[in-house]
Structures are given as structure tokens and as C-alpha cells.
Amino acid sequence: RVYDVAGSTEKKCRVVLNGKELPVRSFQDYVNMYLSTCGNSEAGVPCIYEQCSERWEVAVSLTDGAFQQVSFVNSICTTKGGTHVSHVSEQLIETILKVVRSKNRGGMEIKPAHVKNHLWVFINCLIENPAFDSQTKETLTTKQSKFGSTCELSEDRKSTRLNSSH
């Protein structure tokens, strides 16, 4: 959890464990640490990061066939995701499907579930008055219209994600 705190707070916040400052100083550092401990970074799997606004940071990588997410709402680890994860992943899936379908004319029909099963989404966001499913705060239930902001992924970053040659 100490690493979660280090990755989900601002860069100016130093986190110390047992007298040693952690090497994680940003959400990007946290994502890179997470992927390297799971073996993804060494295998050449691409990971794209974007700070969409002051309130939203997103990173996307690939999985072996099951959707995964690591997310924080106001520095609270939402282990089961929630509406914020759906908000971001739906944008990604829609954009990827547009590109895939344009290149796959006459081929197999690609459905949103096919794309989602290969995404690993990391999200760090600030939500106004967040509501959760229980006291453990594992799932954000706040409706997207009540977030106080939206995560708008930039078009060129979406293109970079899809055309990455990594």
C-alpha cells in the first residue's frame, strides 16, 4: 500500500518506507514498476501514458486475454474498478474498434469484448464526492455525469496506441 500512496499522490510528495525513500515519485513510475514486476515491460509490451488533465492520468498496456485494471479515485485504490474505469475503457475500445474494423474489411467480426479482453488500464483520477459500493471502497459507483470532470483521451495519443510498433 505504501507504493500505492507513492504512485497516486503528487510528485512533490516524498514517500519513505523503513527510512528509505521509494523510487516511485509519479503515477508513471508506479505503472512502470507494476508492469516490470508482472513481467510485461521486459517482453516488449507497449505501455502508453497520458495525463489527460489535472484530474486524470491514464496508462494502457496489453494483457494475455483477460481485462485488467489498476485504479485510484482520490488516492483510494479501487481494486474492482467502477464507473471511472468504464469511462476510460469504453473510449479506448471504441477508438481501437474503428481502426481495426477499417483494416479488417470482409474479415471476422470484431466485437468490443474481443478488444477489452486484451487491455490493461491504469487510472489515477480525482472525482468530486465519490460514492462507492461498500465501506471497503473497492468499486466506484458515482455516475459519470457527477465526476466533476471528464477524461478526454487525445486523438493523437489514441493513434499512437494503435499504431505503436513496440
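Chemist: Describe the pattern of salt bridges, naming the residues involved and giving the relevant values.
Modeler: Inspection of every chain in the model, using the stated rule, returns seven salt bridges. Put simply, Glu21 and Arg25 hold a salt bridge, and the shortest N to O gap is 2.8 Å. On the basis of relative accessibility, which here comes to 29%, the residue Arg25 falls in the partly exposed class. Two residues, Lys80 and Glu138, come together in a salt bridge whose shortest N-O distance is 3.4 Å.

Chemist: So what's going on with unusual backbone geometry? Which residues, and what values?
Modeler: Glycine aside, a negative phi is what most residues show, and trans is what most peptide bonds show. Phi at Ser75 takes a positive value of approximately 70 degrees, unusual for a residue other than glycine. Within the secondary structure, Ser75 sits in the loop between strand E5 (68-73) and strand E6 (76-77).

Chemist: I'd like to hear about the confidence of the model for the chain, residue by residue, with values.
Modeler: When pLDDT is averaged along the chain, the result is 87; 89% of the residues meet or exceed 70. Predicted confidence is poor over residues 157-166, with pLDDT under 50, and the contacts of this stretch with residues over four places away or in other chains come to 18 contacts.

Chemist: Describe the environment of Glu90, listing the residues and the values that go with them.
Modeler: Tracing the chain through its elements places Glu90 in helix H3 (residues 83-103). Separated by 22 residues in sequence, Glu90 and Pro112 place their C-alpha atoms 8.7 Å apart.

Thresholds applied
- Residues numbered from 1 in each chain as written.
- Predicted model: local features only at pLDDT ≥ 70, side-chain atom pairs only at ≥ 80, totals over all residues.
- Heavy atoms only, no water.
- Salt bridge = Lys/Arg side-chain N within 4 Å of Asp/Glu carboxyl O.
- Buried < 20%, exposed > 50% of the residue type's maximum accessible area, 1.4 Å probe, protein only.
- Helix = DSSP H or I, 4+ residues; strand = E, 2+ residues; numbered from the N terminus.
- pLDDT = per-residue confidence, 0-100.
- Contact = heavy atoms within 4.5 Å.

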